[in-house]
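Listed here are the chains, written in short residue letters.
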Amino acid sequence: MNEPGDVAVEPDGDGVEPGEDVVEPGDGDARDPGGDGSAGTADAAQDAPDSGALGSGALGRGRRVVLGVVAGAALVAVGGLLATVLVKSPAQVAAETGPPAQGLLTAEVEQRVLARTVVTRGTVVADQSVDVAPQPRAGEGAAAAVVTKLPLKAGDAVAAGQLLAEVSGRPVFALKGTLPVYRDLRPGATGDDVAQLQQALRALGHGTGDDAKGVFGAGTKAALTARYRAIGYDPLPAVADGGEAVKAARQAVRTAQWAVEDASADADADAGAGAGAGAGAGAGGRSGTPATGSPSAGPASGAGDGETTGVGRTGGVGRTGGKSGGGEGDSGRALARARQALADARAELASVEAADGPMLPASETVILGSFPARVSGIAGRVGGPVSGPVLTLSAGELVVETYLKDDKKQLLRAGMSVVIASEATGLDARGKVALVAGERSTGRPAGGQQPGQGGQGDAAGKGGDLGFRMVVRADRPLPPALAGQDVRLTIESASTDGQALVVPVTAVSATADGGTVVTAVGGDGTPRRIEVRVGTSGDGYVAVTPVRAGALTAGAKVVIGAAPKDGGDGQGGRDGQGGGDGQGGRDPKGTGSPRRPAE
């Protein structure tokens, strides 16, 4: 017999641990001794009325279900608690990670070089850009200028002396120089532009002979004629009369020459006749002496004016000699006058010949500062009228051109350092401001380019006000690929002389007596006002110098504003940058309405 607490042992040797149900033979789940379960099933069906055994099994299973439900509820509760702890909204995370709310906004005093910069846009263009818009000279018979030949296309290189276009049958070619074309150059002209033409022709291999510098003489005429014929044209004559003036002048010289020859022959004949008559008069006086030997004035008179008081025949001879002397004087005067007329005719011929010959019309030449140049644009077409530029030439190194408004123009001047940045190519280059125009520019930018600054393109195209032209020249030549590109210009308009104490501009305020102060905050949070002198400002900062030496040092904290006590991270209201993302200055409900920082 088993004692209480002992394990009941079945005949087959199996045992049941305490606390478990003892399975008696005849229970619903009694096993088949044979192991196949069939007998047990039959016995269970027969013993079903045994209610005590059935109630004990159901109670065990119920307790297990209840325990499972309780355990599941506990797990759900723990999960919810963990979710409330770990899952947070972005605003809550930002609020918990930001600094605690504070009443004063502060910034650290820095010591560095402070530079003030001006940022604008510009267009890379050639140093010289020329619009070729020729017009034929009046009187050439053309009702309107028409493009009759365009041998070049955009991007082509252009050499000095090369044909650029043909307008109404007349050539347009390029020459090297610096003075712009402002007049027609004709034979006999003088000036610096004539000297420039002579130099350009000599550079092309056309000598100007013995012409003096700046004088359009025979040598320059020959050189100009050679240049025109080299490009396949004849030069226009300076005097469009078919050479009639020269012919008339030459005829006048011949006529004057003949008159001199005739007058010279008459004078020679009169001189010979006068000499013979004088000799005859002397002989007649001697033969007229009376036989009585009385004195006679005949020889003396014959020696004088040919007249005598002797015999009337002798006197007649004397009178004849007097007339002869007067005739010689008339022929001499005629010869002198003929010679003067000849000199005048020769001078007139020289003047006419000097004015005659080839001329260089202003409409047929383009002056460029350097070669090779290039065609940056073609606007005309063969057969079309010349209503503006036919083509545009660019020459010289690449520069950056922009146009400034009044506010920026006041800050910039020649010599300032510039950083040239191309977003398209990634190029950064340094340069300097080469020019800031003192007068406003109107019309179209050089080379037909639109200004780099937005909003000015329409005004430029309509000939409106462009602003003040500024040119930036790079320290090293810009690559040709940048031509025509829009670039960013950062100009250093001012900087401190070495390192200086720098604070945000919002840290500086004016006092009632006109002074300037900053408010420093000590380690204990006590504010104190420090009088300072301000210097260069830029990028939201200003250089300051304490009036009392040592009163302000780098690393000190200065007040830059105030924030509400309920501000998120204390950054709202600083330089107008807060209050947009639920941080500092935004209302506690997160409605996105920024609060103005306390003054």
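I will try to describe carefully the structure that is included in this document. Computed from a predicted model, the values in this text were never measured in an experiment. (Residues numbered from 1 in each chain as written. Predicted model: local features only at pLDDT ≥ 70, side-chain atom pairs only at ≥ 80, totals over all residues. Heavy atoms only, no water.)

## Some words on the overall build of the chain
As a reminder of what qualifies: The way it works is that DSSP assigns letters per residue, a run of H or I at least four long becomes a helix, a run of E at least two long becomes a strand, and they are numbered from the N terminus. Any two residues having at least one pair of non-hydrogen atoms within 4.5 Å are treated as being in contact. What sets the accessible areas is the Shrake-Rupley method with a 1.4 Å probe; for residues, cover comes only from the shown protein chains.
Looking only at helices and strands, the chain features 10 helices and 20 strands. Across the chain, every contact between residues at least 6 apart in sequence was considered, and the portion connecting residues at least 24 apart equals 66%. Carbon and sulfur atoms form 54% of the exposed surface of the chain, whose accessible area is close to 33,500 Å².

## Some words on the side chain of D156
The test is simple: Categorising residues by exposure relies on relative accessible area from a 1.4 Å probe, with only protein chains included: less than 20% of the type maximum marks a residue as buried, more than 50% marks it as exposed, and the intermediate range marks it as partly exposed. Side-chain atoms alone can form a polar contact between residues adjacent in sequence; in general such a contact is a pair of N or O atoms within 3.5 Å, and within protein one must be able to donate a hydrogen while the other accepts it.
Among the secondary structure elements, D156 is positioned in the loop between β4 (147–149) and β5 (157–158). D156 gets classed as buried once you look at its relative accessible area, which sits at 19%. In this structure the side chain of D156 is engaged in a polar contact, spanning 2.9 Å, whose partner is the backbone nitrogen of K153. For D156, the contacting residues outside a window of four places in its chain are A373, R374 and V375.

## Considerations on the packing of aromatic side chains
The following threshold applies: Stacked, tilted and edge-to-face are the three classes assigned to paired rings of Phe, Tyr and Trp, where Trp is represented by its six-membered ring and a pair needs centres within 6.5 Å; plane angles under 30 degrees give stacked, over 60 edge-to-face, the rest tilted. Working rule: Lys NZ or Arg CZ, within 6 Å of ring centre, within 35 degrees of ring normal, means a charge sits over the ring.
Scanning the entire structure with this criterion turns up 1 aromatic pair. Considering the side-chain rings of F173 and Y228, the 5.4 Å spacing of their centres and the 85° angle between planes classify their relative orientation as edge-to-face. Note that F173 is positioned in strand β7 (residues 170–176) and Y228 in helix α5 (residues 218–230), a separation of 55 residues in sequence. Y228 matches F173 in its accessibility class, with the two residues each being buried. Above the face of the Y541 ring, R112 is positioned so that its terminal group lies 4.9 Å from the ring centre. Over the aromatic face of F468 sits the side chain of K409, whose NZ or CZ is 5.2 Å from the ring centroid.

## Some points on the sheet that holds strand β8 (residues 365–368)
Going by this rule: When DSSP locates at least two bridges between a pair of strands, those strands are taken to pair. With axes taken as lines fitted to C-alpha atoms, and helix axes fitted only over the stretch in contact, angles between N-to-C directions fall between 0 and 180 degrees.
One open sheet accounts for 4 strands, arranged β4-β6-β7-β8; its pairing is mixed. One side of each edge strand has no neighbouring strand; the edge strands of this open sheet are β4 and β8. Strand-to-strand twist across the sheet, computed as the mean angle between neighbouring axes with direction ignored, equals 30°. Here β4 runs beside strand β6 (residues 163–167); their pairing, made up of 2 bridges, is antiparallel. Bridge assignment links K149 to a residue of β6, and that residue is E166.

## Details of unusual backbone geometry
In the segment running from F371 into P372, the intervening peptide bond is cis, with an omega of 0°. By the secondary structure assignment, P372 is in the loop between β8 and β9 (373–378). With a phi angle near 50°, S168 is a residue other than glycine that sits in the positive phi range. Judged by its relative accessible area of 23%, S168 falls in the partly exposed class.

## Things to note about the side chain of Q196
Among the secondary structure elements, Q196 is positioned in helix α4 (residues 192–203). The class of Q196 is buried, set by a relative accessible area of 14%. Once residues lying within four places of it in the same chain are set aside, the contact partners of Q196 are K176, G177, T178, L179 and I367.

## Focus: the pattern of salt bridges
It is possible for side chains of opposite charge to pair when their charged atoms get near one another. To keep things clear, this is the line we draw: A pairing counts as a salt bridge when a side-chain nitrogen of Lys or Arg comes within 4 Å of a carboxyl oxygen of Asp or Glu.
As enumerated under the stated definition, the model contains 16 salt bridges in all. Each of R121, E423, D486 and R488 takes part in one network of salt bridges that share partners.

## A few points about α5
Stated formally: Take the residue count of a helix, subtract one, and multiply by 1.5 Å to get its expected span.
Taking 1.5 Å of rise per residue, the 13 residues of α5 would be expected to cover 18 Å, and the 19 Å separating its terminal C-alpha atoms lies within 8% of that figure. Within α5, burial applies to G219, T220, K221, A223, L224, T225, R227 and Y228. Looking one or two residues past α5, G232 carries a phi angle of roughly 95°, positive in sign.

## What to know about the pairing of strand β12 (residues 428–442)
Bridging between strand β11 (residues 417–421) and β12 involves 5 bridges; their strand directions are antiparallel. Bridging from a neighbouring strand, V419 pairs with R430 of β12. Hairpin connection from β11 to β12: 6 residues lie between these consecutive antiparallel strands, with G426 at a positive phi of about 80°.

## A few points about the environment of P180
Among the structural elements, P180 can be located in the loop between β7 and α4. Accessibility expressed as a relative area gives 58% for P180, which makes it exposed. A C-alpha to C-alpha distance of 8.4 Å links P180 and D193, two positions 13 residues apart in sequence.

## A short note on the environment of G555
Structurally, G555 can be placed in the loop between β19 (541–546) and β20 (557–562). Residue classification places G555 among the partly exposed residues on the basis of a relative accessible area of 36%. Apart from the residues within four sequence positions on either side, G555 is in contact with E108 and V109.

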